[in-house]
Amino acid sequence: MTDPTIVRLRALVAAGLAELEARRQEVNDLNVFPVADGDTGDNMALTMRAVLDELDRLSATDQSLDEIGRAEIVESVGRAALLGARGNSGVILSQLIRGAVEELIARPGELVGPTVLAAGMARASERAYGSVRDPAEGTMLTVSREMASRLASEVAQLDDPRVRPGTEQEEQDRRIADLLEMALETGQESVKRGPSLLPALKAAGVVDSGAHAITIILSGVLGQLRGQPPSEIDRYAAPAKVNRPEHNSETFRYCTNFAVTGRDLDAQEWREKLQPHGDSILVVGDRSTLRIHIHTDDPDSATGLFEETGAVSRLDVADMHAQVAERDARLAEEASRPQVRCGVVAVHSGDGAGLLFQEAGATVVDGGPTMNPSTSDILAAIHSAPAEEVIVLPNSPNVFMAAERASQLSEKPATVIASRSQAEGVSILAVLDPEISSDENARQGAEQLESLRSGGIAPAAKDDASGRFKTGDALGYVGDELVAWGDRDDVVRLTLAAVSEDAELVTCLVGADAPLDADGVRSLAPDGIDLEVFDGGQQAWWWLLAAE
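Residues numbered from 1 in each chain as written. Predicted model: local features only at pLDDT ≥ 70, side-chain atom pairs only at ≥ 80, totals over all residues. Heavy atoms only, no water.

Peer 1: Help me understand the nonpolar core in this model?
Peer 2: In globular proteins that are soluble, nonpolar side chains generally tend to be buried together. Leu 20, Met 44, Leu 93, Leu 180 and Ile 214 are the most contacted members of the largest nonpolar core, which totals 68 residues. When sequence neighbours within four positions are dropped, the list of residues in contact with Met 44 reads Leu 20, Ser 89, Gly 90, Leu 93, Met 140, Gly 210, Ala 213, Ile 214 and Ile 217. Core analysis: the second largest hydrophobic core is formed by 24 residues, Leu 531, Trp 542, Leu 545 and Ala 547 among them. (Core = buried A, V, L, I, M, F, W, Y, C linked by side-chain atoms within 4.5 Å. Buried < 20%, exposed > 50% of the residue type's maximum accessible area, 1.4 Å probe, protein only. Contact = heavy atoms within 4.5 Å.)

Peer 1: Explanation requested: the packing of aromatic side chains in the structure shown.
Peer 2: For any two aromatic rings, the description comes down to two numbers: the centre-to-centre distance and the angle of the planes. The full count for this structure, using the stated rule, is four aromatic pairs. Each ring, one from Trp 542 and one from Trp 543, has its centre 5.9 Å from the other, and the planes form 70 degrees; the classification is edge-to-face. Each member of the pair, Trp 542 as well as Trp 543, carries the same accessibility label: buried. Ring pairing ties together the aromatic residues Phe 258, Trp 270 and Phe 306, which thus form one cluster. Lying over the aromatic face of Trp 270, Lys 273 brings its terminal NZ or CZ to 4.3 Å of the ring centre. The side chain of Arg 468 reaches across the aromatic face of Trp 485, ending 5.0 Å from its centre. (Phe/Tyr/Trp six-rings, centres within 6.5 Å; stacked < 30°, edge-to-face > 60°. Lys NZ or Arg CZ within 6 Å of the ring centre and 35° of its normal.)

Peer 1: Before we go on, may I ask you to explain the pairing of strand 2 (residues 279-285) in this structure?
Peer 2: The side chains of a regular strand alternate, residue by residue, between the two faces of the sheet. Burial analysis of strand 2 places six of its seven residues in the buried class, which makes it a mostly covered element. Pairing analysis gives five bridges linking strand 2 to strand 3 (residues 289-296), with the strands arranged antiparallel. Residue pairing across strands places Asp 279 opposite His 295, the latter belonging to strand 3. Here strand 2 folds back onto strand 3 in antiparallel fashion, the turn holding three residues. (Helix = DSSP H or I, 4+ residues; strand = E, 2+ residues; numbered from the N terminus. Pairing = 2+ DSSP bridges.)

Here you go:
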């Protein structure tokens, strides 16, 4: 049976990664040091993902922690972080992770508590600083050091800083969370001080992206320990225009990352050998595996140094000039977009429906064929919407929970109107006003929703147990009630009549595989009904309907 300690560790890593993923673009946009290439969030997420994948691999073995061996777990996780790292921030994060897990080897059999946590954070900070040739203060290095210092001070004042054998997990989690809360508080203060320590940040008007990402990850971990939503931490907006930091990497084009495996590899020796080939050099690892990061104009010359020494793998080369240009163009476009009082985020399935919502002014989230977007997808859309406040249209019961969660996490006021289909969403969007508040729009939208009768027509996925229809026959619904089945034209006619009873206007979204075109559907509609037909492109439904 899988060891609960591994499962627990995986849950904490997954929570930290989920919070980082939800704010990845925010972190990317803050990235100005050492180069404004806008990929810090991506690089740190890749590192966390590599650790999570390794924990999943260990969990799949169905062995306990004792059977696998704590040393092997630490080595596996540390190696996964190392090999999954990319960019300055990813490599430094890998060393923070490796330093923290190494502390477990030094304390065999000891439960994780204040003592282990403080010692792990101290070792993590030491490893991170040791990985950088010229450490810059005001960055994630500073945050890690100051959090470690705070924990050391707090633990020193505790009467009993160790967690004794037999301690309930809830109590262990509480003690760890109490200490991490202090670390997070110090981390946020450190992030805010960053611009006063690093001129490049002050000139650009931002905090350090990697430092901010560390606090984001920690807030996710803390929420998991508490069994609560992630702790609220500051949200930082990127500048409309980035002032170039004074750093030599402006002259180098390619951010080059690769791993080297061999024997008797010396990190310091290879740092010196790489020096003439570029800058922003990080070389970390052990005698058998090194992870290399360098900004250079000639990636081949950097990797070529190792031809007779070891095997080069996991090569990743990014054009920083292109990244900077893309980032600047996107931020400039976002800055030029007009702000309104209240915007709309609409979840959609199908290209036609997405275009329909966009043309009506909504920021869209592609829910895929099954309308199943993540909370982070919706949260990112809320924050990117060019508005002070936001209305969220989930457009499917499947999306209600994710939409509500995203609105709760958003620092921008966001309200969900529980639209059950895209056709309902189109009708509701028509009555929303960008110049009034989200609360006022929520009332108007709720009134519109109350006045709607929705339905749809889809092919049967299987034979009916009662013999009413067979696979592929047309099924017509009003709300959740099946009202017609069998012959396609008959079902369309009966469903349209049922949906449009006492109504004047019916909105119809045509699916990707619908067997009738717009004129064919109109020919089957009841007399006197204004039927507005749009291309939806959705997969599951031939036609989605909403009558008002």
